[in-house]
Amino acid sequence: MPSIRDRLKQVVPVRVTDRVRQSLVHYGVRTSDQRPLPDFLIIGTKRGGTTSLWNYLVQHPLVPRLFPAWNTKATHYFEEHWSRGEAWYRSHFPTQRQRDALAVRHGGPVRAGEAAPLYMFHPLAPGRVHDLMPSVRLIVLLRDPVERAYSHWKERRTEGKEPLSFPEALAREEERTAGERDRLIADPDFFSEPYDWYTYRARGRYVDHLRPWLERFDRSQFLFLTSEEFYRDTRSAYRRTLGFLDLPEYDLPSFSVYNDRRSAPMDGDLRAELTDYFRPHSEALRDQLGLRLDWAGLTS
């Protein structure tokens with residue numbers, strides 16, 4: 001059965017809903033001084049389960065959705081919308097009054113946040129987050145980088161943003177993204193689509209992207225979950241996340257997987273090449289974090 005929101009979309013003209021949305025945006029900005037900054041960020045990794053974890057968390061009565069776009073998981077403030085300013089960012093989160101009402105109604109602390117997997121990968125995001133929210137809690141999902149790269153390509157292909165085959169896209173990654181990271185650092189208002197879209201290998205070098213975060217934040221502020229662990233025992237991983245956020249236990253009836261993309265298996269030779277490529281990066285990550293990683297090419 002269609003939701004109320006879907007039924008409204010069918011009968012209310014787009015121009016009317018756009019005006020309503022803009023009014024809500026302006027209201028959020030006007031009341032931004034009453035809206036505390038978020039308590040947590042899910043910062044990565046792309047195609048690692050961030051959408052699923054976000055959807056599980058917002059089913060908890062003490063985790064509010066973003067305002068006013070309740071069906072989204074991220075503001076993209078620390079990478080794409082930095083120039084909009086802090087008031088714009090705060091406008092997406094509940095007011096203190098709304099937090100207090102939820103806490104009284106459900107008997108626990110409110111935890112607001114967002115899930116933006118580009119944050120972990122963006123060169124300026126660690127500093128920006130730390131300057132604004134030095135006490136924020138950070139949740140990191142890490143997936144076997146071989147599988148992550150292929151899943152990333154499948155998503156871009158399905159969205160119509162990737163015209164190349166997977167082997168071609170890997171071969172041309174450096175060419176397509178050359179200079180984009182440097183430009184992001186040089187121009188704080190610049191946003192790079194190629195850096196987001198075509199970084200299939202680069203995003204899997206997790207240890208490189210996490211070091212700036214680990215240098216700025218205390219280890220106690222991080223929760224690291226492997227995607228394999230997350231999907232193997234989702235209920236347990238969900239409970240760990242609630243504990244990390246100091247939220248009371250809350251049982252969900254089911255754990256549907258969001259954004260799953262089925263496809264033909266990866267070419268065996270290409271898989272072997274990627275496994276060899278990522279092995280030293282994943283070993284460095286394992287040593288840095290002390291995590292058990294059940295990934296291809298790694299030995300315990």
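Preceding this paragraph is the structure being described.
Residues numbered from 1 in each chain as written. Predicted model: local features only at pLDDT ≥ 70, side-chain atom pairs only at ≥ 80, totals over all residues. Heavy atoms only, no water.

Student: Could you give an account of the pattern of salt bridges, with specific residues and numbers?
Tutor: Within this structure, the stated rule accounts for 21 salt bridges. Arginine 156 is paired through a salt bridge with glutamate 155; the nearest N and O atoms lie 3.7 Å apart. A relative accessible area of 4% means that arginine 156 is categorised as buried. When its relative accessible area of 6% is taken as the criterion, glutamate 155 is described as buried. The residue arginine 176 makes a salt bridge to glutamate 162 at a minimum N-O spacing of 2.9 Å. With arginine 176 in helix α9 (residues 173–177) and glutamate 162 in the loop between α7 (145–158) and α8 (166–171), the pair connects residues that are 14 residues apart, well separated along the chain. Glutamate 162 shares its class with arginine 176; the two are buried. Among the charged side chains, a salt-bridge network with shared partners connects Lys46, Arg47, Glu155, Arg156, Glu159, Lys161, Asp196 and Arg203. (Salt bridge = Lys/Arg side-chain N within 4 Å of Asp/Glu carboxyl O. Buried < 20%, exposed > 50% of the residue type's maximum accessible area, 1.4 Å probe, protein only. Helix = DSSP H or I, 4+ residues; strand = E, 2+ residues; numbered from the N terminus.)

Student: Now, about helix α14 (residues 234–244): what can you tell me, with residues and values included?
Tutor: Residues lying three or four places apart along an α-helix face the same way, a consequence of the helix completing one turn every 3.6 residues. Along α14, the positions that sit buried rather than exposed are Thr234, Ala237, Tyr238, Thr241, Leu242 and Phe244. An end-on view of α14 places all buried positions within 160 degrees of arc, on one side of the element. Structurally, α14 contributes buried residues whose contacts are with α3 (50–57), β3 (137–142), β4 (222–226) and α13 (227–232). Just beyond α14, the residue with positive phi is aspartate 246, at close to 60 degrees. (Arc of directions from axis to C-beta. Contact = heavy atoms within 4.5 Å.)

Student: Tell me about unusual backbone geometry, and name the residues and values.
Tutor: The peptide bond linking glycine 44 to threonine 45 adopts the cis configuration, its omega dihedral lying at 0 degrees. With respect to the element layout, threonine 45 can be found in the loop between β1 (40–44) and α3. A cis amide bond, omega 0 degrees, links phenylalanine 67 with the succeeding residue proline 68. On the secondary structure map, proline 68 appears in the loop between α3 and α4 (86–90).

Student: I'd like a rundown of the environment of tyrosine 77, residues and numbers included.
Tutor: Looking at the secondary structure, you find tyrosine 77 in the loop between α3 and α4. Here tyrosine 77 falls in the buried class, since its relative accessible area comes to 3%. Remark: the alpha-carbon pair of tyrosine 77 and alanine 116, spanning 39 residues in sequence, is separated by 9.1 Å. Those residues in contact with tyrosine 77, other than ones at most four positions away along the chain, are Trp82, Gly85, Glu86, Trp88, Tyr89, Tyr119 and Leu132. Among the polar contacts listed, one links the side chain of tyrosine 77 to the backbone nitrogen of glutamate 86, at a separation of 3.3 Å. (Polar contact = N/O pair within 3.5 Å; in protein donor to acceptor, adjacent residues only side chain to side chain.)

Student: Can you break down the sheet that holds β1 residue by residue, with the values?
Tutor: The strand order β2-β1-β3-β4 describes an open sheet built from four strands, whose pairing is parallel. The open sheet has two free edges, formed respectively by β2 (113–115) and β4, since each of these has just one partner strand. The average undirected angle you get between the axes of adjacent strands in this sheet is 15 degrees. α3 contacts β1, β2 and β3 of the sheet and is inclined by roughly 160 degrees relative to β1. (Pairing = 2+ DSSP bridges. Axes fitted to C-alpha atoms, helices over the stretch in contact; angles between N-to-C directions.)

Student: Could you give an account of the packing of aromatic side chains, naming the residues involved and the relevant values?
Tutor: For the structure shown, the criterion picks out 25 aromatic pairs. Centroid distance tyrosine 77 to tryptophan 88: 6.2 Å. Interplanar angle 40 degrees. Geometry classified as tilted. Residue tyrosine 77 is found in the loop between α3 and α4, and its partner tryptophan 88 is found in helix α4; the two are separated by 11 residues along the sequence. Given the relative accessible area of 14%, tryptophan 88 is considered buried. (Phe/Tyr/Trp six-rings, centres within 6.5 Å; stacked < 30°, edge-to-face > 60°.)

Student: Explain α7 to me, using residue names and the numbers behind them.
Tutor: For α7, spanning 14 residues, the distance from its first C-alpha to its last is 20 Å, which sits close to the expected 20 Å at 1.5 Å a residue. The element α7 is largely enclosed, with a buried count of 11 among its 14 residues. Here α7 has its buried residues at Pro145, Val146, Arg148, Ala149, Tyr150, Ser151, His152, Trp153, Lys154, Glu155 and Arg156. Packing partners of the buried residues in α7 comprise α8, α11 (193–197), α12 (206–216) and α15 (268–289). The N-cap of α7, judged by a side-chain oxygen 2.9 Å from the amide nitrogen of valine 146 a few residues on, is aspartate 144. Within two residues after α7, glycine 160 carries a phi angle of roughly 80 degrees, on the positive side. (Expected span 1.5 Å × (residues − 1).)

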